[in-house]
Amino acid sequence: MTADAAGFSAQVRELLGADAVLTAAADCAPFLTDHRRLYQGAALAVALPRSVAQVSQLLALCHAQRVGVVPHGGNTGYCGGATADESGRQLVLSLQRLNRIRSLDAANYSLIAEAGCVLAQVQRAADEADRCFPLSLGSEGSCQIGGNLSTNAGGLSVLRYGMMRDLVLGLEVVLADGRVLPALSGLRKDNTGYDVRSLFLGAEGTLGVITAASLRLFPKIRARATALAAVPEVRAAVELLARLRDASSDRVSSFELIPRIGIELTTRHIAGVSDPLDRPYPWYALCELAASRAADPLDALLEEALGSALTEGVVLDAAVARSERERAALWKLRESIPEAQRLHGAGLKHDVSVPVAALAEFVTRASQWVSTNVPDGLLIAYGHAGDGNLHFNLSAAPGAQRERFLAREEPVRRAIHDLVSEFGGSFSAEHGIGRLKVGELERYTSPVELALMRAVKRAFDPHGIMNPGKVLRDQ
Ligand code: MLT
Ligand code: ZN
């Protein structure tokens, strides 16, 4: 550590107490690389404040000394948004000690959670009060609310409840200069000028540090019906989704598209996963209906809708979960696809969305491009089809030369994202920008929108200390 780095760490120690500042390499290491190990950062120190007042003092200090601050949650992001750069001149700010549920108002269907609360903790708190907090992600046991807010997380129930942005009533944010924005209102109606709070959602810590949020709750889910439906093609899955929404009075809570290769990889690589159907099919949809009334006949509705789809060839076969154990097994199959792909070997990931009605055509065109141009690639396109969001990933096919396959990352990304853009879609449906997609944002966002983003950044963070280099390149 250089002399002025040591001096800065000493000042941070003075503010927070010695046990709240990590500088030893071994202690800092878990905070300095991202979940996918795309980036290896360095930092002046890792700070672990215990209160909003401490976060405020810390940012005032960093603002005065022009030290870059990298907010850090559960470190489950996919785009390196929480990883410091390699300069060793930034401070990592972990929110993990701000982990209290401050209050829960059952009548208002809301709770206030601090940024370091793990998502599962918030779900549990809501459940214990006979309410539901519906954000649901594969990483819910370790991702933190601050990260969910800052990345505007999506996941498995967006179709019914929206993204994180839609689940927020109010925020408390520490601004770049240390001032605190107290906007934790639980109001559902509040038409008072610009919606300043919404700018922090999806900003990935580049405009300020979210320290707490007032979150929307919903009635507790007491009835579910879940099935894995085999379909001949993506178009049929989209048709099935519309039928299920119609037949269930819009009680579809998840609708996940799974390709055959998804079943093959999970059954091969993940213990305890099995194919519930007795022969292979090209595509599958994991469908779930959910209701708050325990007596709602969701199983009957689902079976009836699947039965008529089967008669008309929209569905080829289906496995309906008969117990909680069978339901968990179907979800395990879906949720282990990313891990199975990782275990399978080198992969190229694309988190794209197109209008739901265009999904089938997009998959056809993008798959044709892959089979012509990446013959050593294995396409694994799965995801939240109910929202038009596909994880259009490629793995190296058996026998492929790993380095040669990975070297094609840039042209493959370009072709897929160009096609997405042609379909009016997004190159980052739910994983955000971080450091990984800064160039893509510049490329696919209109100059007018980019100019507005830069103006907002300058207004909120004039010295550019908030998560430098993420979302927008340094100016
Ligand atoms: C998922 O939906 O499983 C993740 O968002 C995507 C992934 O892990 O590739
Ligand atoms: Zn996803």
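Everything below is about the structure shown above.
Asks: Tell me about the overall build of the protein, and please be specific about residues and values.
Replies: What the protein contains, in helices and strands, is 16 helices and 19 strands. Taken over the C-alpha trace, the protein has a radius of gyration of 23 Å; the compact-globule value for 475 residues is 23 Å, and the two agree within 12%. Seen through its C-alpha atoms, the protein measures out along the principal axes to roughly 70 × 55 × 45 Å. In the protein, which comprises 475 residues, the share counted as buried stands at 53%. Long-range contacts, defined here as pairs at least 24 residues apart, represent 74% of the contacts in the protein between residues at least 6 apart. Taken as a whole, the protein presents about 20000 Å² of accessible surface, with 51% of it coming from carbon and sulfur. Positive and negative charge centroids in the protein, built from 50 and 53 side chains respectively, lie 3 Å apart.

Asks: Can you break down the pairing of strand β4 (residues 90–94) residue by residue, with the values?
Replies: Judged by how many residues are buried, β4 sits mostly within the fold: five of five residues are covered. Side-chain alternation along β4 places Q90, V92 and S94 on one buried face and L91 and L93 on a second face that is also buried. Two strands pair when backbone bridges link them, and strand β2 (residues 45–47) and β4 are joined in this way by three bridges, in the parallel orientation. When the sheet's bridge partners are listed, A45 is paired in β4 with L91. With five bridges joining them, strand β3 (residues 68–72) and β4 adopt parallel strand pairing. What sits directly across from V69, in β4, is L91.

Asks: How would you sum up the packing of aromatic side chains? Please name residues and give values.
Replies: Across all of its chains, the model carries six aromatic pairs by this definition. Where F200 meets F460, the ring centres are 5.3 Å apart and the plane angle is 70 degrees; that geometry is what we call edge-to-face. Of this pair, F200 sits in the loop between β9 (180–183) and β10 (208–216) while F460 sits in helix α16 (residues 447–460); the two residues are 260 residues apart in sequence, bridging distant segments of the chain. Residues F427 and Y444 carry aromatic rings whose centres are separated by 5.7 Å and whose planes lie at 35 degrees to one another, so their mutual orientation is tilted. In this pair, F427 sits in the loop between α14 (409–422) and α15 (438–444) while Y444 sits in helix α15, placing the two residues 17 residues apart along the sequence. Taking the relative accessible area as the measure of exposure, F427 reaches 10% and is therefore buried. Exposure remark for Y444: the relative accessible area of 22% places this residue in the partly exposed category.

Asks: Give a description of helix α4 (residues 119–128) that names residues and reports values.
Replies: By the burial criterion, the buried members of α4 are L119, A120, V122, Q123, A125 and A126. Here the buried face of α4 lies against β5 (101–105), β6 (110–114), β7 (131–132), α5 (145–150) and β10.

Asks: Any chance you could break down the site of ligand 1 for me, citing the residues and the numbers?
Replies: Taken together, the residues surrounding ligand 1 are Y78, R334, P338, K349, Y382, H384, H391, N393, E430 and H431. Within the side chain of E430, one N or O atom sits 3.0 Å away from an oxygen atom of ligand 1. Contact with the protein chains covers 85% of the free accessible surface of ligand 1, which is 260 Å². Split into classes, the residues belonging to the shell around ligand 1 amount to three nonpolar, four polar and three charged.

Asks: I'd love a proper account of the sheet that holds β2, names of residues and values included.
Replies: Strand order in the open sheet made by the four strands is β1-β2-β4-β3, with mixed pairing throughout. This sheet does not close on itself; its edge strands, each paired only once, are β1 (21–22) and β3.

Asks: I'd like to hear about the side chain of T206, residue by residue, with values.
Replies: When you line up the elements, T206 lands in the loop between β9 and β10. For T206, a relative accessible area of 6% translates into the label buried. Once residues within four sequence positions are removed from consideration, T206 is found in contact with K457, D461, M466, N467, K470 and V471.

Asks: A description of the coordination of the zinc ion (ligand 2) should follow, citing residues and the corresponding values.
Replies: Protein-derived coordination of the zinc ion (ligand 2) comes from H384 (NE2), H391 (NE2) and E430 (OE), at a distance range of 1.9 to 2.2 Å. Donor residues for the zinc ion (ligand 2) sit on one chain with the sequence pattern H-x6-H-x38-E. Of this pair, H391 sits in strand β19 (residues 389–396) while E430 is found in the loop between α14 and α15, placing the two residues 39 residues apart along the sequence. Taking the relative accessible area as the measure of exposure, E430 reaches 12% and is therefore buried.

Asks: Quick one: what's the story with helix α12 (residues 359–373), residue by residue and with numbers?
Replies: Across its 15 residues, α12 extends 21 Å between first and last C-alpha, which sits within 8% of the 21 Å expected from 1.5 Å per residue. Those residues of α12 not exposed but buried are L359, A360, F362, V363, A366 and V370. Looking straight down α12, one finds that the buried residues subtend no more than 155 degrees of arc, so they occupy a single side. More than 90 degrees from the buried face of α12, the exposed residues found are S371 and T372. Against α7 (234–247), β14 (283–291), β17 (351–353), β19 and α14 lie the buried residues of α12.

Asks: Now, about the pattern of salt bridges: what can you tell me, with residues and values included?
Replies: All told, the structure shown has 34 salt bridges when counted by the stated rule. Across the pair E312 and R243 runs a salt bridge whose closest N-O atoms are separated by 2.7 Å. Of this pair, E312 sits in the loop between α9 (298–311) and β15 (317–320) while R243 sits in helix α7, placing them 69 residues apart in sequence. On the basis of relative accessibility, which here comes to 52%, the residue E312 falls in the exposed class. One network of salt bridges, in which partners are shared, links E409, E410, R413, R414 and E440.

What counts and what doesn't
- Residues numbered from 1 in each chain as written.
- Chains lettered and ligands numbered in written order.
- Predicted model: local features only at pLDDT ≥ 70, side-chain atom pairs only at ≥ 80, totals over all residues.
- Heavy atoms only, no water.
- Helix = DSSP H or I, 4+ residues; strand = E, 2+ residues; numbered from the N terminus.
- Rg over C-alpha atoms; globule rule 2.2 N^0.38 Å.
- Buried < 20%, exposed > 50% of the residue type's maximum accessible area, 1.4 Å probe, protein only.
- Contact = heavy atoms within 4.5 Å.
- Areas by Shrake-Rupley, 256 points an atom, 1.4 Å probe, with all protein chains shown as cover.
- Lys, Arg positive; Asp, Glu negative; His and termini not counted.
- Charge placed at Lys NZ, Arg CZ, Asp CG, Glu CD.
- Pairing = 2+ DSSP bridges.
- Phe/Tyr/Trp six-rings, centres within 6.5 Å; stacked < 30°, edge-to-face > 60°.
- Near = heavy atom within 4 Å.
- Polar contact = N/O pair within 3.5 Å; in protein donor to acceptor, adjacent residues only side chain to side chain.
- Nonpolar A, V, L, I, M, F, W, Y, C, P; charged D, E, K, R; others polar.
- Donors = N, O, S within 2.8 Å, 3.2 Å for Na, K, Ca; no water.
- Expected span 1.5 Å × (residues − 1).
- Arc of directions from axis to C-beta.
- Salt bridge = Lys/Arg side-chain N within 4 Å of Asp/Glu carboxyl O.

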